Amino acid sequence: MSSASTLIPADLGVIPSKPEENYLKHDKGILSWVFTLDHKRIGLMYLVSVLGAFALGGFFALAVRTELFFPGPTIINHDQYNQAMTLHGAVMVFLVIIPGIPAALGNIIMPLQLGAKDVAFPRLNLMSYHLWVLGALFFISSLVISAADTGWTFYVPYSTTTPTAVIPAAFGAFILGFSSIFTGLNFITTVHKLRPPGMTWFRLPLFIWALYSTAVIQVLATPVIGITLLMLIVERVVGLGIFDPALGGDPVLFQHFFWFYSHPAVYIMIVPAFGVVSEIIAVFSRKEIFGYKFIALSSVAIALLGFLVWGHHMFTSGQSVLAGTIFSAITFLIAIPTAIKILNWVTTMYKGRIHLDTPMLYAIAFLWVFTIGGLTGVFLSTMSVDVHLHDTYFVVAHFHYVMMGGAITAFMGGLHYWWPKFIGRMYNEKLAKVATVLVFVGLNVTFFPQFLLGTRGMPRRYYNYLPEFQGLHQLSTIGAFVLGLGFLMTAFYLIQSAKSGKKAPANPWGGTTLEWQCASPPPYYNFHDTPEVNRGPYEGYAHLKFDKETQGYVPTE
Amino acid sequence: MISKLLASIATSESLPKSPPSNDTWMPLDASTFAGHVDGLYDFLFWLSTLCALLIYGVMFYFIMKYRAPNRDDSAVGVEGSHHNTAMEITWSVVPLVFLVGIFVFGFKGYVDLRTSPRNALEIHAQGQKWKWLFTYPNGHVDSELHAPIDQDVRIIIQSVDVLHSLYIPAFRTKMDAVPGRYSDLWFHATKTGEFPVFCAEYCGTAHSDMITKAVVHEPGGYESWMDEIKAKLDNMNPVELGKLMYDQQGCKTCHSTDGSPLVGPSWKGLFGSKRSFADGSGAVADENYITNSINNPQGQIVSGFAPAMPTYQGKLNDKQINGIIEYIKTLK
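Residues numbered from 1 in each chain as written. Chains lettered and ligands numbered in written order. Predicted model: local features only at pLDDT ≥ 70, side-chain atom pairs only at ≥ 80, totals over all residues.

Digging into the overall build of chain A
Argument step 1. Scanning chain A for helices and strands turns up 15 helices and two strands.
Argument step 2. Relative to its length of 557 residues, chain A is compact, with a C-alpha radius of gyration of 23 Å against a globular reference of 24 Å.
Argument step 3. Along the first, second and third principal axes, the C-alpha atoms of chain A reach 75 × 45 × 45 Å.
Argument step 4. By the burial criterion, 63% of the 557 residues in chain A qualify as buried. (Helix = DSSP H or I, 4+ residues; strand = E, 2+ residues; numbered from the N terminus. Rg over C-alpha atoms; globule rule 2.2 N^0.38 Å. Buried ≥ 20, exposed ≤ 12 C-beta atoms within 10 Å, placed from the backbone.)

Next comes the structure, spelled out in structure tokens:
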């Protein structure tokens, strides 16, 4: 990194642009959105769609949790429960978390952080979004015909024999895979080719590093799930006999194929979250991030190691002891880059000047829940302990702490952090803080009791349960409703903000990455002239001061 | 005698209950693995709690100490060093040492768990939608797992349809039942009593009802249970045998005796009725029809029902099939 001495305050101000309408108003009419090639509009459409899918997935989650308030049938029957549980998982994984941070937030922010006018392939970007919509329609068609009841994992031979509409759901996931691959290709090319002059690899914002690592996994792992789901469909239609033992196949092979994608997919979901949290913690501590290179390269390490651990989902599947041992050992290694990140984030706060605005509250919530999610991962990588905990609520609690507590919390943090940039308006900070606390409390009340359910032997995907588990299930259900209330409130004040929020300044939080040197909302072409970069992404906080009039940060004179 | 046996089977319909445990997290420890798993779990729990509290403690201390007084505050953090390789290496290597140790303990336990001792008592377990069937060395088939205390027991696991997983929390062990291959688990029970047994791998509609119990007998109790069962089976009349098969072989999961349709048609009023099949043909339900339906269930699918039933060819002998027929005749 260049020394800060070469930096002058004016380098951190808004980069002048030619007068033009911002991207929201530049073109009019519905078709100007549906066929737009502008990364910001595509990102915003992704954002709205992902939030819609999040509401749908959340609805299924509440249906599941409500049913579990009492053992035995209450509001839905066995089969409906299994369908709700499947759709909750499939929608949240394929429609919400995987595209959430990269395709929605990243699409808008990545070119801005690179001082670029768009991503490398704008048409491919639009196609990614159209494929997302098509994939979502297939999911909904499965829901309408006879919702799949296989669990989001599609394990054979159940998935090849159940009478429900597995094919539309699997084909939907297949299409969504291509959407994800195209986004990945686009992001890799964008980082390689569209960096502005002076922005070396180690001057990239950490959000870009995270998106780049994610994109590599998306491109390399996703084809495997595509092929696997296609084979599943062919097996169902013509009885191919690759997986179904009745036809001479092997169901454990399916698990290998499935997790060869789906474990790396866990990192597709969580690595972008690391990027968001890195940005927020530096900006709201008003201090350069600690251990930049370690955070950046640990994302890459996690991305690569993530390919070699899929067998830890299969310690009780009949996989050989040797294979299990190797997978367990490599899984333990992943704990190291994960710990490095957490410790660097906490150290960044040391002697900082910490502002507790909503994005930072979400980042702190992230550190809290992700620490629990990460540490309980160690329990599950320990083979003998995993034999007891596998397929119990302990696993459910663990991955919700990582996916919901990690990925979604960071997504919410990023959403609040960049919302003023996206929309050009501020949201109601007081309501936002209350909602954040509700989400944080709801999250812990929902999922912490599930650890206890799991260690006590409560298996997952159960519609019915032994009466002794009732108290903890009820606590968990109450938490789920608190969580739901928090998100409902969030929806309320964000809609309010979009309609009539206060006008946002270019730089409301005092960030030094390039997106804050662009107007809010950004002009159609982002930057008329490509900016030249002579500093690291987190340098120069001292040259920014808070301006009461605009409620944003401006360069010192 | 027989009514007592039937009564004991009837109580098995009610859900099992875990015996009280002296541990907050884990169920009662009833096998030799439990000590290892619980010990390692406790170590992990306290280590994780310590790590989490340290991280949270430092984080909240920083937040309180370095908090900006208000939104307008333009001050910045104290820009010191932004990286410290020695620190990074320390907080990579120290956890790594712990992780290697945990891995080794987990590995040793796992090898132990997966390596069945010789001369163990062998019981076959068969998973099917939505029932466990345990076949004992003398050929007796039961829906409950009975085992002696202080003896190595090996369960050889199969599935006839989809994936299942045999899970006995009190023994801290589980293993998937994979169609088309054998798998196994073993345990050495250290406490007598009744413990819940679950299916832990999702298998469809009644996955969560695929619950039974493991009964650990005191010394000699297992053998006398076996003798008692054998004597009762020998002296049963066909209707009682049929009722027993209905309860034990998983028939009752899908066929009601009160006329309500479940996954399959009810047995009430079945005998002598006219059946119409999915392919348009029909037949009167007589002895031959019932025998065919048990041995080749996919041959004649009653219209309105899914072809869900596995074959019982070779699993039920003539006497048992006869019993089922006679039992159905009584359900008018």
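Continuing now.
As for the overall build of chain B
Argument step 1. A tally of helices and strands in chain B yields eight helices and 12 strands.
Argument step 2. Its C-alpha radius of gyration of 28 Å places chain B more than 25% over the 20 Å reference for a compact globule of 332 residues.
Argument step 3. With the C-alpha coordinates aligned to their principal axes, the bounding extent of chain B is approximately 90 × 55 × 35 Å.
Argument step 4. Of all intrachain contacts in chain B linking residues separated by at least 6 positions in sequence, the fraction that spans at least 24 positions is 64%. (Contact = placed C-beta atoms within 7 Å.)

Side note on helix H11 (residues 358–381) of chain A
Argument step 1. For H11 of chain A, with 24 residues, the first-to-last C-alpha span of 34 Å sits near the 34 Å given by 1.5 Å per residue.
Argument step 2. Along H11 of chain A, 24 of the 24 residues are buried, which leaves the element largely enclosed by surrounding structure. (Expected span 1.5 Å × (residues − 1).)

Structural notes on the pairing of strand S1 (residues 544–547) of chain A
Argument step 1. Pairing between S1 of chain A and strand S2 (residues 552–555) of chain A: four bridges, direction antiparallel. Among the inter-strand pairings, Lys-545 of chain A is bridged to a residue of S2 of chain A, identified as Val-554 of chain A. (Pairing = 2+ DSSP bridges.)

Some remarks on the domain arrangement of chain B
Residues and elements named next belong to chain B.
Argument step 1. For chain B, the assigned domains are domain 1 (16–68 + 116–235) and domain 2 (237–330).
Argument step 2. The gap between the C-alpha centroids of domain 1 and domain 2 is 32 Å.
Argument step 3. Elements represented by at least two residues in the side of domain 1 that touches domain 2 include exactly strand S2 (131–135) and strand S3 (141–142).
Argument step 4. Class assignment of the residues belonging to the side of domain 1 that touches domain 2 gives a composition of five nonpolar, two polar and three charged. (Domains from an automatic or database assignment. Nonpolar A, V, L, I, M, F, W, Y, C, P; charged D, E, K, R; others polar.)

A short note on the sheet that holds S2 of chain B
What links the strands of a sheet is backbone hydrogen bonding, and the strands pair in either a parallel or an antiparallel sense.
All names here are of chain B.
Argument step 1. In spatial order, the strands read S3-S2-S1-S5-S8; together these five strands make up an open sheet with mixed pairing. Only two strands of the sheet have a single neighbouring strand rather than two, namely S3 and strand S8 (183–188).
Argument step 2. Inspection of the sheet shows strand S1 (residues 121–128) paired to S2 by five bridges, in the antiparallel sense. Paired with Gln-128 across the strands is Lys-131, a residue of S2.

What to know about the sheet that holds strand S6 (residues 164–168) of chain B
All names here are of chain B.
Argument step 1. The sheet built from five strands is open, its strands ordered S4-S10-S9-S6-S7 with mixed pairing. Only two strands of the sheet have a single partner each, and these edge strands are strand S4 (145–148) and strand S7 (173–177). On average, each strand axis in the sheet is inclined to that of its neighbour by 25 degrees, with strand direction left out of account.
Argument step 2. As paired strands, strand S9 (residues 193–199) and strand S10 (residues 212–217) are joined by five bridges and run antiparallel to one another. Along S10, the bridge assignment pairs Val-197 with Thr-212.
Argument step 3. Against the sheet, helix H4 (residues 221–234) engages S4 and S10, with an angle of about 135 degrees to S4. (Axes fitted to C-alpha atoms, helices over the stretch in contact; angles between N-to-C directions.)

As for the pairing of S6 of chain B
All names here are of chain B.
Argument step 1. Counting buried residues in S6 gives five out of five residues, a clear majority hidden from the surface.
Argument step 2. The side-chain alternation of S6 yields two buried faces, one formed by His-164, Leu-166 and Ile-168 and the other by Ser-165 and Tyr-167.
Argument step 3. The antiparallel hairpin formed by S6 and S7 contains four residues in its connecting segment, where Arg-172 sits at a positive phi of about 60 degrees.
Argument step 4. For S6 and S9, the ladder comprises two bridges, and the chain directions are antiparallel. If you follow Leu-166 over to S9, its bridge partner there is Cys-199.

Here's the deal with the interface of chain A and chain B
Argument step 1. In this assembly, 80 residues from chain A lie in contact with 78 residues from chain B.
Argument step 2. The element best represented in the side of chain A that touches chain B is helix H10 (residues 321–349) of chain A, accounting for 14 residues.
Argument step 3. Tallied by class, residues from the side of chain A that touches chain B come to 42 nonpolar, 24 polar and 14 charged.

Side note on unusual backbone geometry
All names here are of chain A.
Argument step 1. In this structure, Pro-157 follows Val-156 across a cis peptide bond, with omega equal to -5 degrees.
Argument step 2. You can see Pro-157 is positioned in the loop between helix H4 (122–146) and helix H5 (158–161).
Argument step 3. In this model, Lys-351 sits at a positive phi of 55 degrees, which is unusual for a non-glycine residue.
Argument step 4. Residue position: Lys-351 is located in the loop between H10 and H11.
Argument step 5. For Lys-351, a count of 15 C-beta atoms within 10 Å puts it in the partly exposed group.
Argument step 6. With phi around 60 degrees, Arg-461 is a residue other than glycine that occupies positive phi space.
Argument step 7. Position of Arg-461 relative to the elements: it lies in the loop between helix H14 (429–455) and helix H15 (470–500).

Considering the packing of helix H8 (residues 251–285) of chain A against H11 of chain A
Residues and elements named next belong to chain A.
Argument step 1. In the contact formed by H8 and H11, the axes pass within 9 Å of each other and the chain directions differ by 120 degrees. The orientation of H8 relative to H11 falls into the category oblique. Of the two elements, H8 crosses H11, and the hand of that crossing is left-handed. Side by side, H8 and H11 meet where Val-277, Ile-280, Ile-281 and Phe-284 of the first sit next to Pro-359, Met-360, Ala-363 and Phe-366 of the second. (Parallel < 35°, antiparallel > 145°, perpendicular 65-115°, else oblique. Left-handed = near helix turned anticlockwise from the far one by under 90°.)

As for the packing of helix H7 (residues 287–295) of chain B against helix H8 (residues 318–330) of chain B
Residues and elements named next belong to chain B.
Argument step 1. It is at 10 Å that the axes of H7 and H8 come closest, and there the two elements cross at 125 degrees. Between H7 and H8, the angle is such that the two are oblique. The two elements H7 and H8 cross, and the hand of that crossing is right-handed. Facing Glu-287, Ile-290, Thr-291 and Ile-294 of H7, the residues of H8 in contact are Ile-321, Ile-324, Ile-325 and Ile-328.
Argument step 2. In terms of residue class, the contact of H7 with H8 is made up of six nonpolar, one polar and one charged.

Here's the deal with the nonpolar core
Here is a general trend for soluble globular proteins: nonpolar side chains tend to be buried in one another's company.
Argument step 1. Residues Val-91 and Val-277 of chain A together with Leu-166 of chain B are the most contacted members of the largest nonpolar core, which totals 240 residues.
Argument step 2. When residues in this core are grouped by element, the largest group, 22 residues, is from H8 of chain A.
Argument step 3. Those residues in contact with Val-91 of chain A, other than ones at most four positions away along the chain, are Ala-53, Leu-56, Gly-57, Phe-60, Val-96 and Phe-139 of chain A.
Argument step 4. Of all hydrophobic cores here, the second largest spans 16 residues; its members include Cys-251, Leu-270, Ile-321 and Ile-325 of chain B. (Core = buried A, V, L, I, M, F, W, Y, C linked by C-beta atoms within 7 Å.)

Notes on the confidence of the model for chain B
Residue and element names in this part refer to chain B.
Argument step 1. Mean pLDDT over chain B stands at 89; residues scoring 70 or higher make up 96%.
Argument step 2. Per-residue pLDDT, averaged within each element of chain B, yields its smallest value for helix H1 (residues 2–13) (41) and its largest for S6 (97).
Argument step 3. Across the assembled chains, the prediction reports ipTM 0.92 with pTM 0.90. (pLDDT = per-residue confidence, 0-100.)

Description of the environment of Cys-199 of chain B
All names here are of chain B.
Argument step 1. Residue position: Cys-199 is located in strand S9.
Argument step 2. What makes Cys-199 buried here is the crowd of 29 C-beta atoms within 10 Å.
Argument step 3. Sequence separation between Cys-199 and Asp-209 is 10 residues; the distance between their C-alpha atoms is 8.4 Å.

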